[in-house]
Structure formats: structure tokens, C-alpha cells
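Okay, here's what each chain looks like letter by letter:
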Amino acid sequence: MKILDRYILVSYLKTFFTVFVILMFIFVLQTIWLYIGELAGKDLDAGIIFKFLLYFSPKLVPLVLPLTILLSSIMTFGSFAENYEFAAMKSSGISLQRAMRSLTFFIVLVSLTAFFFANNVIPAAEFKSINLRKNIAQLKPAMAISEGIFNEVGDFNIKVEKKTGDNDQFLNDVIIHQKSLQGGNHTVIKATRGELVGSTESEILSLILRDGNYYDEIQQNDPSKRLNKPFAKSYFEEYVINIDISSFNDVDMEDENFRNSQNMLKISELTQSIDSFSTSYNEEMRKFADVIYSRSGATQFNANFTPADTVAQIDNTVLDFYDAERGEQIVNLALGSVNAVISTVNIKKQEFRANAKQLNKFEIALHEKYVLAFACIILFFVGAPLGAIIRKGGMGLPMVIAILVFLTYHFIGIFAKNSAQDGTMSPLLASWLSSLVMLPLGIFFTYRATTDQGLLAFGNLIEPFNKLLKKLNLIRKETK
């Protein structure tokens, strides 16, 4: 490797790893902020929180890595241009493409690594993170009853208006719905005051209610008596409820039973899932079409009617051959059949729409693994010439430009993928759309940086209007 190539590569690597660490730290803080509600009040140790962040970090790489490449390219080449290092290279006969050669090999290596990472590491991290989130969600400390909402505690749904005391053990305006064995909430307890009594070593939480009422809905076997909604009501000065909390914190944090996510699958698994899912989807649609066709009665036409060579003109409708009562019955039966078919079709349509959306998600997840690798290359060829054009290094202007370009790239991808999930756009096009938009932009910037042109040639934009004005002036002079 020549000295110049080594110098450019080392300068780029310093900026690359610095920017990557900073951006990853920022996105990890954002992850903590987004999921703070799932972590707070769960009595989690530092090891579980570290696992949580470790499992979520790989999912940030598809966001952090393209932005890092874009920003590092703008900063590095902008610094070269600002310090007239590019001018020295060009005076020595070294073009922009030659200066980018060593970095091109590095970016290709990063792209291959990103592809391997997206196909192996991210699915494993997604599997771990989702299962860990589900396990954390089951942890509910005995004293954690939030104000203003119903909290599921054992067989009870408890709502308190306000909590007071040193340990929030005193409750005001308590409403409790007790679950029944048959299902539903037939018992309601209301109290003006309450107190939670328990200890960290005990598996029983005592809820002492004071000055309240007990409502119990009486179940009737006679359907006619159910309309009256009978219930029993009693008043109490003090009522104690013992709640078994032994199973609340008995959660296996290593449990990994959840596997139903397209982001957990590798390319081979996604390909197999798409093939089996699409086959099942098409077979289900074919069967449903056959069912609707048979329910319509169209299959009986050939059995009951014989086509004639000529068709007689009939002025009367079919109902004119029946009396009014019989005709009304026929119409009602026909309307009932049609409404039943329409209802079935609408329900099945929702099911097919959900299946199609899931199939589109599988296809998007498959293409995203390839898109990440190509996006790294494309954004490098956007950022490097752009930095040479703006001739500004550091974290100021390059950061602003990089964020604007990346947000354009990112939002185009988000909108396209949302449209693809609804079926309004092909999943293939939606996954590649943002990269296809950036590709001509990279070619344009590379051309302008190679030919020593600015970011936008306003003179070229104004020149056609100047020519038009000159022609108008000539025509005006000739007419005079």
C-alpha cells in the first residue's frame, strides 16, 4: 500500500470509528428512553439491563452504519479539500477516483460484513431481545400499583385514585374487580381507603379496605330474569383481601419460547417461509373461491337448465309467476343469502389482508439484508464527492448535510415499506427505493467533484432564461 493510500485510509478510519461510537451511544440512549417504562419498577439487576441493551444494540446497526459512512465520508474528504490536500493531489496527477481507491476496498469489506451481520447477528439479537422483553413484562413487584389505572394483581384488577405514605402503602378511592372462575367480573368492591401490608420475604400481600361496599352480581339460570340484573350489596367497615404473589417474580429470564417474527429469520429461513406462506395463501384463496361459487348456486344451472338455440323474450319478472306472499319469501331468502355471503366475504377479506401483510413483511425483511450492504457502498459514493465539493471538514456543516441526506434516505425507505405492507407497492421496489434514489445522486456528485464543479451550477440554470430574454429583445427591435 502506498503512503498516500495509507494516509487516506487511516484518516478515514479515525473518523469512522469515532463517529460510529458516538452515534451508537446516542441511539442506545434513545433505546433506554423508549423502553424506560418496561425497565422501571421491575427490580432488575444490572446484568439484566446490560443484556437488554446488548440484545437491542445490533438492531441499531442498520441505522447507525449507513449514517456513519455518510458522515465520515463527508468529514474526511471535506477536510482534505479544506486543507488544500486535494489540490496537492490533483497537481500531482491524482484524481478523486484514485484517492478513493483504498477506501473503496474498505467500504466493500464493510458492506460484506454488514450483510453477514444482518443475516446472522441481527436475527439472533432480535430473538433474544423480544423474548427478554416478554419475560421482563411479566415482572410486577407486589407494591407496584399505579395510580389512575387498573392493575392486574392475581385474580383482582385494582384501581386507586391516589397513593400516600412513606412506601405508598395508603390508598384512596379503591375500586376492585374480582375475576370469577367462569370468566368475567361479577364482583366489585369499592372502598374510600385502603392499606397494603406485606414484606419482601412474604409471598402474601394483604390489602386492608376500610369504609366501603361489596357488590356481587347474582347469576340467574332463567334468561328472562337476567334482564333485571339482580345483585347483592353489603357495607363493611373493614375488609381484608390476601393476594398470593408467589408467581409474580417467578419468571425465567432465559425463557425463549417466542419465535414468531420475520426479523428473527435468516435468508434461507425467510425464503422457505415466503414459499410455504405464499403457497398456503394461494391455496386458501382458491378454496374460498370454490366455496363461494358453490354457495351461489351457479353449479346447479347446468343441471336444471338446457340452453336453447333461441332465447324467448320475457316481459315479466320471475316474481310475477308467484303470489305476493310467496314472492316476498323468495326475496327475503335471496336477501338473506346475499347478506350472509357478503358478511363472509368481508370477514375473509380482512383475514386475507392480514395474511398478505404478513407475507409482504417477510419479503421486506428478506430484501433489507441485501439493501444494507448496497446502501453502505452507495452512501459512500454520495458522501465522499459531496465532502470534496463543499470543502468543509469538522462536525458543523458536514453534520447538517449528512443528517439531511440520511433523513431523506431513511424517510423514503419508511414510507415505501409502509406502503408495501399495505399492498400498494411491491415489497421489492419498496425495499430498494431509497437506495435507487441515492444512486443517481451519488453519480451526480461524483461527476461534479471530478470535473471541479460546485454543488449546483446556478449559471447553467439561468442561462436558458437569458437566451430567451435575448431572443425576445431581438424580436422586439426587429418589430420596431
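Quick notes on the rules
Residues numbered from 1 in each chain as written. Predicted model: local features only at pLDDT ≥ 70, side-chain atom pairs only at ≥ 80, totals over all residues. Heavy atoms only, no water. Phe/Tyr/Trp six-rings, centres within 6.5 Å; stacked < 30°, edge-to-face > 60°. Buried < 20%, exposed > 50% of the residue type's maximum accessible area, 1.4 Å probe, protein only. Helix = DSSP H or I, 4+ residues; strand = E, 2+ residues; numbered from the N terminus. Polar contact = N/O pair within 3.5 Å; in protein donor to acceptor, adjacent residues only side chain to side chain. Contact = heavy atoms within 4.5 Å. Pairing = 2+ DSSP bridges. UniProt positions renumbered as here; feature names shortened; annotations may be inferred. Salt bridge = Lys/Arg side-chain N within 4 Å of Asp/Glu carboxyl O. Axes fitted to C-alpha atoms, helices over the stretch in contact; angles between N-to-C directions. Parallel < 35°, antiparallel > 145°, perpendicular 65-115°, else oblique. Left-handed = near helix turned anticlockwise from the far one by under 90°.

**Examining the packing of aromatic side chains**
The final tally for this structure, using the stated rule, is 19 aromatic pairs. With a centroid separation of 5.4 Å and an interplanar angle of 85 degrees, the aromatic rings of F16 and F17 are classed as edge-to-face. A relative accessible area of 5% means that F16 is categorised as buried. Residue classification places F17 among the partly exposed residues on the basis of a relative accessible area of 49%. With a centroid separation of 5.9 Å and an interplanar angle of 75 degrees, the aromatic rings of F288 and F352 are classed as edge-to-face. One end of the pair, F288, is in helix α9 (residues 267-295); the other, F352, is in helix α11 (residues 324-390), with 64 residues separating them in the sequence. We note that F288, like F352, is buried. The structure contains a cluster of three or more aromatic residues connected by ring pairs, namely Y12, F16, F17, F20, F106, F380 and F381.

**Here we look at the side chain of S11**
With respect to the secondary-structure elements, S11 resides in helix α1 (residues 3-34). Taking the relative accessible area as the measure of exposure, S11 reaches 18% and is therefore buried. Polar contacts involving the side chain of S11 include one to the main-chain carbonyl oxygen of Y7, which spans 2.8 Å. In this structure, S11 is in contact with T76 and F80, ignoring residues within four places of it in sequence.

**Comments concerning unusual backbone geometry**
Even without glycine at this site, D173 takes up a positive phi of about 55 degrees. Looking at the element boundaries, D173 is found in strand β3 (residues 170-179). A positive phi angle, near 55 degrees, is found at D211, a position not held by glycine.

**Here we look at the environment of A430**
Within the element layout of this structure, A430 appears in helix α13 (residues 427-450). Assessed through its relative accessible area of 0%, A430 is described here as buried. A sequence separation of eleven residues divides A430 from S419, and the C-alpha atoms of the two residues are 7.7 Å apart. What A430 contacts, discounting residues up to four positions off in sequence, is A416, K417, A420 and M425.

**Considering the side chain of S102**
If you trace the backbone, S102 turns up in helix α7 (residues 101-137). Judged by relative accessible area, S102 falls into the buried class, the value being 11%.

**What to know about the pairing of strand β2 (residues 156-164)**
As defined by bridge partners, strand β1 (residues 151-153) adjoins β2 across three bridges and the pair is classed as antiparallel. Bridging across to β2, E152 finds its partner in N157. In this structure, β2 lies alongside β3, joined through eight bridges in antiparallel fashion. Within β3, the position partnered with K162 by the bridge is N172.

**Topic: the UniProt feature "transmembrane region" (unreviewed entry) in the chain**
Within the UniProt annotation, "transmembrane region" (unreviewed entry) is assigned to residues 12-36, 60-81, 102-122, 370-390, 397-416 and 428-447. This span, residues 397-416, is 100% helix and 0% strand, and a straight line between its end C-alpha atoms measures 29 Å. For residues 428-447, the helix share is 100%, the strand share is 0%, and the end-to-end C-alpha distance is 29 Å.

**Quick notes on the pattern of salt bridges**
Following the criterion strictly, the structure yields eight salt bridges and no others. The salt bridge involving R210 is made with E195; its shortest N-O contact spans 3.5 Å. Taken as a pair, R210 in strand β5 (residues 204-217) and E195 in strand β4 (residues 185-197) lie far apart in primary sequence, 15 residues in all. A cluster of three or more residues bridged by salt bridges with shared partners is formed by E195, R210 and E238.

**Points about the packing of α1 against helix α4 (residues 61-82)**
It is at 8 Å that the axes of α1 and α4 come closest, and there the two elements cross at 140 degrees. When the axes of α1 and α4 are compared, the pair comes out oblique. For the element pair α1 and α4, the recorded crossing hand is right-handed.

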